[in-house]
Amino acid sequence: MLVAGVDSSTQGTKIVVRDAGTGALVRSAQAAHPDGTEIDPRYWWDALLQVGGDGLLDDVAAIGVGAQQHGMVAVDGDGAVVRPALLWNDTRSAGAAQDLIDELGGPAEWARAVGSVPVASLTVTKLRWLAQHEPENAARTEQVMLPHDWLTWRLRGETDPVTDRGDASGTGYFDTAQGSYRPDLLRMAFGRDLGVPRVARPAENTGPVRAPGMPEIGTVAPGTGDNMAAALGLEARPGDVVVSLGTSGTAFAVADKPVADASGLVTGFADATGRFLPLVATLNAARVLDAGARMLGVDLEEFGRLALSAPAGAEGLTLLPYLDGERTPNLPEAAGRLDGMTRANLHPAAVARAFVEGMLCGLADAVDALTAQDVPVHRVLLIGGAARSAAVRSIAPQILGRPVVVPEPGEYVADGAARQAAWALAGTTEPPEWAGPGSAEVYEADPAPEVRERYARARSALT
Ligand SMILES: Nc1ncnc2c1ncn2[C@@H]1O[C@H](COP(=O)(O)OP(=O)(O)O)[C@@H](O)[C@H]1O
Ligand SMILES: O=C(CO)[C@@H](O)[C@H](O)COP(=O)(O)O
């Protein structure tokens, strides 16, 4: 039997079809999404139909959707989307986040209530922004869904919206430790009650696909957020810290206990299996390299080659990579900075090196924030689009200060969604044992603490 997993992430939709019993890859396809920090969800649906068409989903018995977290999909009483979805990387609700922190009595109160301190990424702040800035749209809104909730709802024929504990834990109105919604916090943010999807069990069969244009598929899994799906796809265990370099940079780990970090650096999410997923997210990862390559007029391969041709430390250049503002540290209005420029070091190789190092320094801080919350780090796994770069793989152990395991490049979010689909199909207590990620390579290098020290000095000038 075959199962399908969808990754509807920031830059595109990817679908993998795997054997339900072994996990062997049968086929896959992908399509791009439009750019922007707000987007009409119909583009996600069109991409799903496009990628899933042409027979890709033929003979599939179960499907699961993993998607970018936090996005606010506001839906009216007729099931129509009220306005383009505000995405996780849209920073316009930064002021709302601060207001909500103050109104509840400070960051520690939020960490205690839901496991995370609001920043502009969290859905709860986007609801406050909507209520304040678009009262007509707010008045029409009857339900709020996350991107994976909305796609799953459409797949299931637009009835009885469902979510899962993992994605719900990124809203800011769900208590991760207790596993239940906090309607009082949603009300506090939005000014009144709103419909929210029912939280399905981790491997619940939520019914068949009932969407026009889609093949018959008997089982739809609850789906989850993309980072939770990646943890499932990688079969991550406590002690594994996953560093994902996609549009966002994330560092996360499966944990048996919830965290409540009042500093706000670590968000206390749930995973897709009944455990927890403490996570640190940055707004600036793979696209920092895209921007650097574009500026230098080279492709990503040449950009990586240039970076590797310069010495560690980029001849004194330090990039603060906040090209899209930043979430961790919480600097929504920040811009990137290139420090230490001299006539001698202002050449493409040193600049490319500084871009790779700056991006990785943000993620090294993220791993440190996890360890500060007692999250054990036995090994670091590097995934996401930018892990395909040879330069990133070589430089990562220098900046992270430890060996880095790079699993075979793959679509681990879509794989996790497919594994969840196989789990829902099997109805077992544990997810199916699959062969797991293929061969992994271990990258080692002498740590370069001076690069991080210089980065920390530049960062602290902004914070
Ligand atoms: N070989 C490569 N070197 C550097 N970056 C790459 C490479 N291949 C893909 N990427 C980058 O990875 C990003 C997409 O990664 P992905 O994990 O799919 O993102 P998302 O899940 O956020 O949509 C793009 O910005 C792309 O330029
Ligand atoms: O906001 C977060 C995590 O909290 C992001 O990780 C989003 O979930 C988007 O993921 P990508 O599209 O970058 O994979």
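Bear in mind that the values here come from a model prediction, so they are computed numbers and not experimental data.

This part covers the environment of Ala-97. Summarising the element assignment, Ala-97 is placed in helix α2 (residues 94-104). Looking at Ala-97, the relative accessible area reads 4%, which means it is buried. Residues Ala-97 and Thr-123, 26 residues apart in the sequence, show an inter-C-alpha distance of 9.9 Å. In this structure, Ala-97 is in contact with Pro-118, Val-119, Ala-120 and Thr-125, ignoring residues within four places of it in sequence.

With that settled, consider the UniProt feature "domain: Carbohydrate kinase FGGY C-terminal" (unreviewed entry) in the chain. As recorded in UniProt, the sites labelled "domain: Carbohydrate kinase FGGY C-terminal" (unreviewed entry) are residues 242-425. Measuring from the first to the last C-alpha atom of residues 242-425 gives 27 Å, for a span that is 39% helix and 18% strand.

Among the 15 residues in the neighbourhood of ligand 1, the closest are listed as Ser-9, Lys-14, Thr-247, Asp-290 and Gly-385. For ligand 1, an oxygen atom lies 3.0 Å from a polar atom in the backbone of Gly-385. Calculation on ligand 1 without its partners gives an accessible area of 580 Å², and the protein chains cover 76% of this total. At 3 residues, the largest contribution of residues to the shell around ligand 1 is made by helix α10 (residues 286-296). Residues of the shell around ligand 1, tallied by class, amount to 3 nonpolar, 8 polar and 4 charged.

Summarizing the sequence annotation, UniProt attributes the feature "binding site: substrate" (unreviewed entry) to Gln-69 and His-70 in the numbering used throughout. Checked against the element boundaries, Gln-69 lands in the loop between β5 (60-67) and β6 (73-75). Beyond its immediate sequence surroundings of up to four residues, Gln-69 is in contact with Trp-88, Asp-167, Gly-170, Gly-225, Asp-226, Asn-227, Met-228, Phe-269 and Leu-279. Relative to the assigned elements, His-70 resides in the loop between β5 and β6. Apart from the residues lying within four places of it in its own chain, the contact partners of His-70 are Trp-88, Ser-121, Leu-122, Thr-123, Lys-126, Leu-146, Asp-167, Gly-170, Phe-269 and Arg-327.

Our focus in this paragraph is the sheet that holds strand β23 (residues 440-443). Backbone-to-backbone hydrogen bonds join strands into a sheet, with any given pair of strands oriented parallel or antiparallel. Strand order in the open sheet made by the 7 strands is β17-β18-β16-β15-β21-β22-β23, with mixed pairing throughout. What marks the edges here is a single partner per strand, and that holds for β17 (267-270) and β23. Strand-to-strand twist in this sheet, taken as the mean axis angle between neighbours without regard to direction, amounts to 30 degrees. Bridge count for strand β15 (residues 240-245) against strand β21 (residues 379-383) is 5 bridges, and the pairing is parallel. Of the residues in β21, the one forming a bridge with Val-241 is Val-380.

Moving on: the environment of Asp-149. Position of Asp-149 relative to the elements: it lies in helix α6 (residues 147-155). Asp-149 sits 281 residues away from Glu-430 along the chain, and the two C-alpha atoms are 23 Å apart. Those residues in contact with Asp-149, other than ones at most four positions away along the chain, are Val-162, Thr-163, Asp-167 and Pro-197.

Once that is clear, we can look at helix α15 (residues 449-460). Taking 1.5 Å as the rise per residue, α15 with 12 residues should run 16 Å; its terminal C-alpha atoms sit 16 Å apart, in good agreement. Taken residue by residue, α15 has Val-451, Arg-452, Tyr-455, Ala-458 and Arg-459 as its buried positions. The arc enclosing the buried residues of α15, seen along the axis, measures out at 120 degrees, which places them on a common side. Each element contacted by the buried residues of α15 is listed here: β19 (318-320), β20 (337-339), α12 (348-372) and α13 (390-400).

To continue, consider the pairing of β21. Most of β21 is tucked away, with 4 of its 5 residues classed as buried. Pairing of β21 with strand β22 (residues 404-407), which is carried by 2 bridges, proceeds in the parallel orientation. What sits directly across from Val-380, in β22, is Val-404. Once the chain exits β21 it traverses α13 before rejoining the sheet at β22, and the crossover so formed is right-handed.

According to the stated counting rule, one finds 30 salt bridges in the structure shown. Residue Arg-201 is joined to Glu-204 by a salt bridge in which the shortest nitrogen-to-oxygen separation is 3.6 Å. The class for Arg-201 is exposed, based on a relative accessible area of 56%. A residue is classified by how much of its surface remains accessible, and Glu-204, at 9% relative accessible area, is buried. Residue Arg-388 is joined to Glu-411 by a salt bridge in which the shortest nitrogen-to-oxygen separation is 3.6 Å. One end of the pair, Arg-388, is in the loop between β21 and α13; the other, Glu-411, is in the loop between β22 and α14 (412-426), with 23 residues separating them in the sequence. Classification of Arg-388 as partly exposed rests on a relative accessible area of 47%. Three or more residues joined by partner-sharing salt bridges are found here, namely Glu-38, Arg-83, Asp-90, Arg-92 and Glu-134.

As a rule of thumb, nonpolar side chains are buried together in soluble globular proteins. Core analysis: the biggest nonpolar cluster contains 59 residues, and Val-243, Leu-245, Val-356, Met-359, Leu-360, Leu-382 and Val-392 have the highest contact counts within it. Here this core gets 16 residues from one element, more than from any other, and that element is α12. Beyond its immediate sequence surroundings of up to four residues, Val-243 is in contact with Thr-250, Ala-251, Leu-363, Val-367, Val-380, Leu-381, Leu-382 and Ile-383. Ranked by size, the runner-up nonpolar core spans 32 residues in total, among them Val-17, Ala-31, Val-51 and Leu-57.

Calculation rules
Residues numbered from 1 in each chain as written. Chains lettered and ligands numbered in written order. Predicted model: local features only at pLDDT ≥ 70, side-chain atom pairs only at ≥ 80, totals over all residues. Heavy atoms only, no water. Helix = DSSP H or I, 4+ residues; strand = E, 2+ residues; numbered from the N terminus. Buried < 20%, exposed > 50% of the residue type's maximum accessible area, 1.4 Å probe, protein only. Contact = heavy atoms within 4.5 Å. UniProt positions renumbered as here; feature names shortened; annotations may be inferred. Near = heavy atom within 4 Å. Polar contact = N/O pair within 3.5 Å; in protein donor to acceptor, adjacent residues only side chain to side chain. Areas by Shrake-Rupley, 256 points an atom, 1.4 Å probe, with all protein chains shown as cover. Nonpolar A, V, L, I, M, F, W, Y, C, P; charged D, E, K, R; others polar. Pairing = 2+ DSSP bridges. Axes fitted to C-alpha atoms, helices over the stretch in contact; angles between N-to-C directions. Expected span 1.5 Å × (residues − 1). Arc of directions from axis to C-beta. Right-handed = clockwise from strand over helix to strand, strands pointing away. Salt bridge = Lys/Arg side-chain N within 4 Å of Asp/Glu carboxyl O. Core = buried A, V, L, I, M, F, W, Y, C linked by side-chain atoms within 4.5 Å.

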